Every structure is written in structure tokens, then in C-alpha cells.
Amino acid sequence: MRAMEPLDDGYVERSGVKIHYEVFGTGEPTILLLPTWSIVPSRRWKMQVPYLARHHRVITFDGRGCGQSDRPTEPADYADHEFAADAVAILDAVGADAAVIIGASRGAGFGLRMAAAYPDRVLGAVFVAPKVPALADPLPSQQKVRWDDELDTNEGWDKFNRHYWLRDWPGFAEFFFGQAFPEPHSTKQREDCVRWALDDTDPQTIIAMHSAPYLGSAEVIRDLVRRVTCPTLVVHGSADRIVHVSGARRLAEELGCEFVVFEGSGHLPDAREPVRFNLLVRDFVARFATPPARQLRWSRAANRAPRALYLSSPIGLGHARRDLAVARELRALRPELEIDWLTQHPVTAMLDQHGERVHPACRWLANESAHIEDECTEHDLHVFQAYRRMDEILCANFGVLHDVLAGGQYDVVIGDEAWETDYFLHENPECKRTAFVWMTDFVGWLPMASGGAAEELLTADYNAEMIEQIARYPRIRDRSLFVGDPQDVVAEPFGPGLPGIRDWTTQHFDFVGYLSGVSSVPEADRAGVRAELGYRDDEQVCVVAVGGTGVGASLLGRVIEAYPAVHRALPHLRMVIVAGPRIDPRSLPAHPGLDVRAFVPDLWRHLAVCDIAVVQGGLTTTMELVANRRPFVYVPLRNHFEQQVHVRRRLERYHAGRYADYADLHPDALAELITQELARPVTSLPVTGGGEARAAALIAELL
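Presented here is an overview of the structure given in this document. The structure presented is a predicted model; accordingly, all values stated were derived computationally and were not measured.

Calculation rules
Residues numbered from 1 in each chain as written. Predicted model: local features only at pLDDT ≥ 70, side-chain atom pairs only at ≥ 80, totals over all residues. Heavy atoms only, no water. Salt bridge = Lys/Arg side-chain N within 4 Å of Asp/Glu carboxyl O. Helix = DSSP H or I, 4+ residues; strand = E, 2+ residues; numbered from the N terminus. Buried < 20%, exposed > 50% of the residue type's maximum accessible area, 1.4 Å probe, protein only. Pairing = 2+ DSSP bridges. Contact = heavy atoms within 4.5 Å. Axes fitted to C-alpha atoms, helices over the stretch in contact; angles between N-to-C directions. Phe/Tyr/Trp six-rings, centres within 6.5 Å; stacked < 30°, edge-to-face > 60°. Lys NZ or Arg CZ within 6 Å of the ring centre and 35° of its normal.

Scanning all chains against the criterion turns up 60 salt bridges. Of the charged contacts, one joins Arg57 and Glu28 as a salt bridge, the two residues approaching to 3.7 Å between their closest N and O atoms. Residue Arg57 is found in the loop between helix 1 (49–53) and strand 4 (58–61), and its partner Glu28 is found in the loop between strand 2 (17–24) and strand 3 (31–33); the two are separated by 29 residues along the sequence. Residue Arg57 is classed as buried on the basis of its relative accessible area, which comes to 13%.

So, in C-alpha cells, the structure goes:
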């Protein structure tokens, strides 16, 4: 799922070649993100588009030979002046008189050609890792490249060979993008580019493009530079293995413009360091924008009420309930505290019901719940891979947070599993503006067996990156709060050669204990609450609930399918199906006697007094059932490492619940499970509450 969808898209056609473009946002000036080598499509700008398009109209297009654009076969069709002319034709098509252009690598050459040939159409130009061979020192690793020869070897840069490309294009893509991203922990960026190289173009096309006219001699480049009249900026990574940094430095000298070096970055700093790059571009483009009318009010710190910005994960409503509880306890300690919330639907709906102040910037957040639902198949969510594929959404949402913090005076940011905030603050520590509290109920990415050895390496790499971040910048997290006790943390290692998860977490977190946001219902009050909710004394009640996203629709369908068998085995059982906020009850099957409901705001009360529950494997819901000593069957999503391992281990520690595999949940089996659990006495360990107060006390110390 994309972080932002285009407002418009279309094609322009020049000399029989169709070029596909997309338009995002509406603000001025227009920004045109140029294509680069046609080995990747315009989607390579995915980390820039959402941030820049909140402020400007942004145009991207697939370069000829790639993506949804045509793939001509003649090298002449890929000359740099053709790409420049394509860009102008697209500006004409969307009605843009001029634009700030941004090009990377070969795309910087296209931008240079465009700025020189069409000066009235270019307001400003940013050249990223510019490929200007005539100005650059050769890289030692590439000095012996033999493009046309049949080689006996394909080691290293010997892969940059037309014959090898035709034999093993995937092998070249893997090698090339490994060189393009030399930075540690760049697995996702490499994977994206390799996938695009395989899906969006082919070796024959790139061979033709490699043979096309491109810039030319140093004197040709200097002539182009002399014809550039707009402001310019040159950006390059110091660790670039594709293009020597000397070329960028000399181009900046010829242009007489600012030269920004990203120390330690490789060939594509826009992809690997998107926050820093986006802010750099924002400041450059601001030169051409009309400043908005502003009315500012500043108060002395001594006069200001303390303010908190609360980031509540939208993936499941359990986070929202516990976050509201922490907020209540914070206000009890500091009545003058003002709290703004930055989150998404359906959490915003719950906050509105509780009279909380939702920040208007919430409307800019890319939808994480929708992405998770899009990733889910039938009761199967490979959540680690889904998280990895959410990278552009996470980057976009951090951009929203960055702008909110720049425009507001907050004393603390509280992030309940706000993964993007924690990650990008550690990657960009200069962006930290205030105290930051990190709160989570699990630590450590864990591989699923279906992911094989590759996923074992990936999860270990993600864990290692997190460990390195905390060691390098311990000041980013002013408080690290774990929702639970040390025994609730799994003991496995983070990966080969890495520390144990429990030992490391114990050293780096404060443990606040159980924290759900709702109160347990004492046994003596159960009858009254049941009556209030409309349940009779002579019926057994089974509540089926799957959380605040749509990923549980398959489980609801499976349980509803089993209802006739359950009813035959337990004729006095009343089954209540709770669809939740993101599942339309009308989309579910119906049976006579089955009670199907939409979103139930006080679901916790139903769970607290039911006779049995069937739920997914989320921590908040299952622990509410444990705290209320209710029997339940839980069916974790397949390949969901948190539900399958972290939550399941915690429930086993409490001797609570009955695990069921979705594959085994046929009607008679579910009827038998419910029958057995109703007959079995509840022997789970008691749950110690008060986590809300402990968490609030630790946060209040930062105010």
C-alpha cells in the first residue's frame, strides 16, 4: 500500500513514445522529481513524495524504458535530451509553467540538460549524486570494467557487462544495488530496487540506454553549466561506490552553488536518509515559495502549562484504551497538563468519544491500519514483512510528526509503539526537540519458520540496528517503559551473536506491569453488569471479538460457520459476534439466533462478564480476559510473530487461555473447544494491576 495516492495521472506521447506521469498535492511551487537510470521507476521517490506533497504539487514520471512508460529499442531514444524533453512535455500536460527539478545519478544529468535547454521552465535544480563522468575521478573498483567483452569471470564489477546482463540480470541487480547501498542495515532499500529492476524493465532496454548519448565531454558539461540560470544545489554521499564524489564537487564549483556531503552515505541518500534529505529539499524549495501569512504567539516557559503530544498506535484499539488510562493518571498528577493526540482512525473516534483533543494534523497521517489489512490474507499476517513494506508510510508519518513538533511547544512526546518516531529520531537525533517516552509490550523481531533462513538474517539485522541505535544515542529515549514484567519478555537471543532479549530489555527498560486501561469486574458485581448489558442469568454467553482492524474478518467467518455445530452442542449458549470498527457486520454470514453487532465501545465489559470468549491473539484483549479470570480460546494470526510467540509465551506464563490453530478450527473442533473450556476451572495466575499509575509517575518526572 502506498503512503499517498496520486490526485491525477496520465500519459504524454512524444515521437511515438508514451511516458506515464503522476501528480500529488496542490501547493506551489511545483516540484518535478526526475527519473534516473531506467533500471528503477518513479516509485523510487516514494520516501519523498508524501512529505513534499503536503506542501507542494509534486510530479513524478517513469523514465522511458521503465515502469508504465514505453520501452523503445533504439539507443538514440534514451539520449539525455529526450528525457529533458519528456519532462517539459509533462509540465505542459499538467499546466505547470515551471518547476523546481530534482534528479539523482543519471537523472541529475537529465536535469542539467533540462535546466540548460529550457531555463524558463526550471525555477531551481537539485542534483543528487550526479553522474558526470567527464568531471569525476574514476573509482578504482570500476577502472577495469569491460562492457562489450565476453568474460571468463563475473566477479565484482565484471558484472557490469552486457553479456552478463543477458545471462543473469537478477545477479547484476543484486550486485549493483548492493554497491548503491553500502550503508549497514539497508536490506529493504536494496530489495526494493532489485524488485523494480526485475519487474519494471529488462536487460535489453538497459543495454540500449547504456549505449545512448549522455552529456559528453567536460567542455560540453561546462557549456551546459554556463547556460543554467536558476539556483542550484548539489548533494552527494561520501561513501558512494557508483559515482566518485569528486564529480559532484566539481559540478558544484562550476555552478557556484552549495555542495552538501552526506557523510557515510552511499549513492542514494534520498532513499537511505530520507528525513535529512527531505528537510534539505524543503529548505531549498522554500526560496521559491510565497511565505504564508503567520500569526505567532509565544509564552514564557514559566507561564506555559505543560503540554504532551501522545502518539497512540492505530493497529488495534488496545493501545488507545491503555493510553487513555495513562493520560488520566497523568492528569491526576499534573491537573494543568494539556494533551494533544496524534493518531489515526479508529483511535481518533474513541478519543472523540472521551472528549480528548485530537491534533488537526492527524488528517495527514498515512493509514497504518489499512496497510496491515491489505497485507493480511485468510487469518495470516506476516507482520514482520508487513512492517518492512510499511517503510514509506512510516517515513511519511514521521514527517508529519516533525512538522507538528516544529510548530508546537511540547514538553514530552509519548509514543506507544510509535515505531517510526523511535526509529527516525535515532537515525536523525538532531530532530529531537523535547523529551521522548517509548512504550511497548514486546521487544525483539522474531523470525517465522515460513520465512526460512532469509528471515532469520533479516530479523537479526533489524534487531542489531535497534541495539546499535540505543547504544549510540541513549539520550533519544528519556524513558523506556515495558508494559509487563521481566518474566513476560521472551528469553531468546535477538539473533546470532546478539544478546538475549530478556537480559537486554531488563537493562534498558522500566517495567510498569499490567496496563490495560480498563478495570476488572469483581465477581460480586458480575450479575449486575450482565443484566445491564442485556444478558440473562440462564444463558451462557460467548463473546467473539477480533480487535480494532479488519484482519480478523476470516476468524469471525470461521466462527460463524461453526455456530450451528456449537449450538447443537450447547443449545443454551448465546454467541455474540463483535465486528469492530473496521468490519461491516453486513459483510458477515448470518444464522438464526446469532447475535452480530457492530463496534461496541465498552467491549471490555462484555468480555469481563462473559462465560467464555473466542478471540484473536492480541495482548490487550487476552490479558483483559486473564485479569477477569474468564476462560477463552485464542487463535493467533499465522506468521504473526508477536501473537504466535510474545503473547503466547505470556499467556502460558499466566496459565491462561486455550491456544487453537486456525487450520484446525473446523466446526466440530470449535464446539468441542468451547465445551471443554466451559467445563474446565479457571486456574490462571492473578494479574497485578496499577500499571497506568506507575507509567504516569515515570512520565510525570519529565514534565
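Structure shown, so let's carry the discussion forward.
Turning our eyes to something else, we now look at the sheet that holds strand 18 (residues 595–597). Taken together, the six strands give an open sheet; going across it, the order is 18-17-16-19-20-21, and neighbouring strands pair in parallel fashion. Two strands bound the open sheet, and with one partner strand each, they are strand 18 and strand 21 (658–659). In terms of strand pairing, strand 19 (residues 612–615) meets strand 20 (residues 632–634) through three bridges, oriented parallel. What sits directly across from Val615, in strand 20, is Tyr634. Docked against the sheet, helix 21 (residues 553–569) engages strand 16 (540–545), strand 17 (573–578) and strand 19, running at close to 165° with respect to strand 17.

Within the open sheet, the seven strands sit side by side as 11-10-9-12-13-14-15. Their pairing is parallel. Edge positions in the open sheet fall to strand 11 (357–358) and strand 15 (510–511), since each of these has one partner strand only. Bridge analysis of strand 9 (residues 307–312) against strand 10 (residues 338–342) gives five bridges, and the strand direction is parallel. The residue of strand 10 that forms the bridge with Leu309 is Asp340. Each of strand 9, strand 10, strand 12 (412–416) and strand 13 (435–440) touches helix 12 (residues 318–333); the most contacted strand, strand 9, lies at about 165° to it.

Another point: the packing of aromatic side chains. Using the criterion set out here, one finds 37 aromatic pairs in the structure. On the basis of an interplanar angle of 35° and a centroid distance of 4.6 Å, the ring pair of Tyr387 and Trp445 is categorised as tilted. With Tyr387 in helix 15 (residues 383–388) and Trp445 in the loop between strand 13 and helix 18 (452–472), this residue pair connects regions lying 58 residues apart in the sequence. Trp445 shares its class with Tyr387; the two are buried. When the centroid spacing of 5.0 Å and the interplanar angle of 85° are considered together, the rings of Tyr423 and Phe424 count as edge-to-face. Linked through ring pairs, Trp37, Trp147, Trp157, Phe160, Trp165, Trp169, Phe172, Phe175, Phe176 and Phe177 together constitute an aromatic cluster. The positively charged end of Arg307 is found above the aromatic ring belonging to Tyr410, 4.3 Å away from the centroid.

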